Amino acid sequence: MSADILSRLYRLNFPDCTKEALAFLTSFISQDCPKIPGLNANTEQIIVEICQEFVLFKSARGPQKKLNAVQELHLLDMICTCFSEAPEKSKYRIFNLMFGARGDGTVNLLTKLLSLAMSVKCIPVLFCAAIWMQERDSLSPDVKGLTQRLVSDYCILYPEQSTVFTTLPSVSPLFACNLVTAATSLYSFAGADSLPPLTLVQHVSEWVYKDNTMCCESLRQAAIHSAYTTPVPGLTGWCVRGPLVCCQLREKSDSHIGQAQIDLMLSCLDKLHLALLQSLTFTASVNLSPGLISASDLAHIAQTLQVVFRPNPSKLESLACNTALERLAQILQVASCTRTYIADRGKIKEIETLAKLKLPYNSY
């Protein structure tokens, strides 16, 4: 049966071959008996070949088929429709078949698929992509590449705040959560070379401020997908290092960031810091397992703050550092009181040592 459909597909042109391939893959994967990893080698090879040849158009038999822009849009629309109509239990298995291989060059197509899914609010595609990001980790090249393209499209090339990005948490909170986690890995806010785009900071601060549940969406999946990270450590790093880095940029004569942009950035970080404290409190109130931030995360943030802080700082820089230290202490205090952090006595002692010997004096 599988071999017959493969022969038939090779006789069809686009878009008929893709439409029939997607229908076959959905029907086959939706059956209770076959599971892709456990199929016999020949059948598994045929299923993968159908996906590669007629959905991803990465031919192993000859020259690559090049789709024009209109055809590619048609392809993406068919994939979105496929996920919308597929049985719930099959959606991620289909997604994993298409995009599960690491480093095979499908991230470009996936980025375009996600842009369309965000525009048309195709929740199944966004949810599957969120799990894909979660399983790979925010530091993986594939996730960082995907995040960089989306941020570029919606926060750098787009002249104003995108309505598609603005509404993303209400459409797919898990995708928004994991996207923020990846964005804080990509843009660490540890200096001018790792500064997040202002529009991204504006979006993220608004997302977390409006919805204190967003930061714990990945934590909700922990019972199903054991691998998870949260955006809280990365966002805490933004709030702690941000005032100091912005102050240094303000004092640089050759800074590419204007004073008005720096003021907006600082305003967003103020809002984000408050939102993070509220998120920690919310997580405790609904009795989610602790895990939004760890003592190891806080120790790392303290270490990076030590690196960012310059010897012989100006008065303004000293004040910014004071703000940074206060925020770090407040996050630690609230996380400790609400039991929303993973304790590690060794790391807590490391923070104490850093505070006493390495970091500037502060009343906290």
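Taking an unreviewed UniProt entry as the reference, the protein is identified by name as Integrator complex subunit 15-like isoform X2 belonging to Biomphalaria glabrata.

A. Structural detail: the overall build of the protein. Scanning the protein from N- to C-terminus turns up 18 helices and two strands. Looking at the protein as a whole, 51% of its 364 residues are labelled buried. Counting only contacts in the protein whose residues sit at least 6 apart along the sequence, the fraction spanning at least 24 positions is 79%. Total accessible area on the protein stands at roughly 17200 Å², and carbon and sulfur atoms take up 54% of it.

B. How the structure looks around the environment of Pro141. In this structure, Pro141 sits in helix α8 (residues 141–156). A relative accessible area of 69% means that Pro141 is categorised as exposed. The sequence separation of Pro141 and Arg102 amounts to 39 residues, and the corresponding C-alpha distance is 9.3 Å.

C. Molecular detail of unusual backbone geometry. In this structure, Pro15 follows Phe14 across a cis peptide bond, with omega equal to 10°. Positionally, Pro15 belongs in the loop between α1 (2–10) and α2 (16–30). The backbone phi angle of Phe57 is positive, close to 55°, even though this residue is not glycine. Within the element layout of this structure, Phe57 appears in the loop between α3 (41–54) and α4 (69–85).

D. Representation of the environment of Glu317. Mapped onto the fold, Glu317 is located in helix α17 (residues 315–338). Residue Glu317 is classed as buried on the basis of its relative accessible area, which comes to 0%. In this structure, the C-alpha to C-alpha distance between Glu317 and Leu244, residues 73 residues apart in sequence, is 6.3 Å. In this structure Glu317 touches Leu244, Cys247, Gln248, Glu251 and Arg310, once residues within four positions along its chain are discounted. Within polar-contact distance, the side chain of Glu317 engages the side chain of Gln248 at 2.9 Å.

E. Fine view of the packing of α8 against helix α11 (residues 173–186). The interhelical angle for the contact between α8 and α11, taken along N-to-C directions, is 100°, at an axis separation of 9 Å. With respect to α11, the element α8 is oriented roughly perpendicular. For the pair α8 and α11, contact is made by Val143, Lys144, Thr147, Gln148 and Leu150 and by Phe175, Leu179, Ala182, Ala183 and Leu186, respectively. Taken together, the residues of the contact of α8 with α11 sort by class into seven nonpolar, two polar and one charged.

F. Representation of the packing of aromatic side chains in the model. The tally for this structure, following the rule as stated, stands at nine aromatic pairs. Ring plane angle 70° and centroid distance 6.3 Å describe the contact between Phe189 and Trp238, whose orientation is recorded as edge-to-face. With Phe189 in the loop between α11 and α12 (198–210) and Trp238 in helix α14 (residues 232–251), this residue pair connects regions lying 49 residues apart in the sequence. Note on accessibility: Phe189 and Trp238 belong to one class, buried.

Calculation notes
- Per chain, residues are indexed from 1 in the order of the written sequence.
- The model is predicted, so local features are restricted to residues of pLDDT at least 70 and side-chain atom pairs to those at 80 or more, both for listing and for counting; the totals for chains, interfaces and linings are taken over all residues.
- To get the side-chain values, all heavy atoms of the structure are used, and hydrogens and water are removed first.
- Only DSSP runs of H or I covering at least 4 residues are called helices, and only runs of E covering at least 2 are called strands; the numbering of each starts at the N terminus.
- Residue burial is assigned from relative accessible area. The probe radius is 1.4 Å, only protein chains are included, and a residue is buried under 20% of its type maximum, exposed over 50%, and partly exposed in between.
- Residues are treated as being in contact if the distance between any of their heavy atoms lies within 4.5 Å.
- Note on areas: Shrake-Rupley, 1.4 Å probe, and residue coverage restricted to the protein chains presented here.
- Each polar contact in these results corresponds to two N or O atoms within 3.5 Å; when the atoms are within protein, one needs to be able to donate a hydrogen and the other to accept it, and residues that are neighboring in sequence are counted only if both atoms are side-chain atoms.
- Inter-axis angles, ranging from 0 to 180 degrees, are taken between N-to-C directions of lines fitted to C-alpha atoms, where helices are fitted over the stretch in contact.
- Angular relationships are summarised with four words: roughly parallel below 35 degrees, roughly antiparallel beyond 145, roughly perpendicular across 65 to 115, and oblique for the angles in between.
- Throughout this entry, Asp, Glu, Lys and Arg are counted as charged residues, while Ala, Val, Leu, Ile, Met, Phe, Trp, Tyr, Cys and Pro are counted as nonpolar. The remaining residues, Gly among them, count as polar.
- In summary, the pairing rule links any two rings of Phe, Tyr or Trp, Trp by its six-membered ring, whose centres are within 6.5 Å, and it sorts them by plane angle into stacked for under 30 degrees, edge-to-face for over 60 and tilted for everything else.

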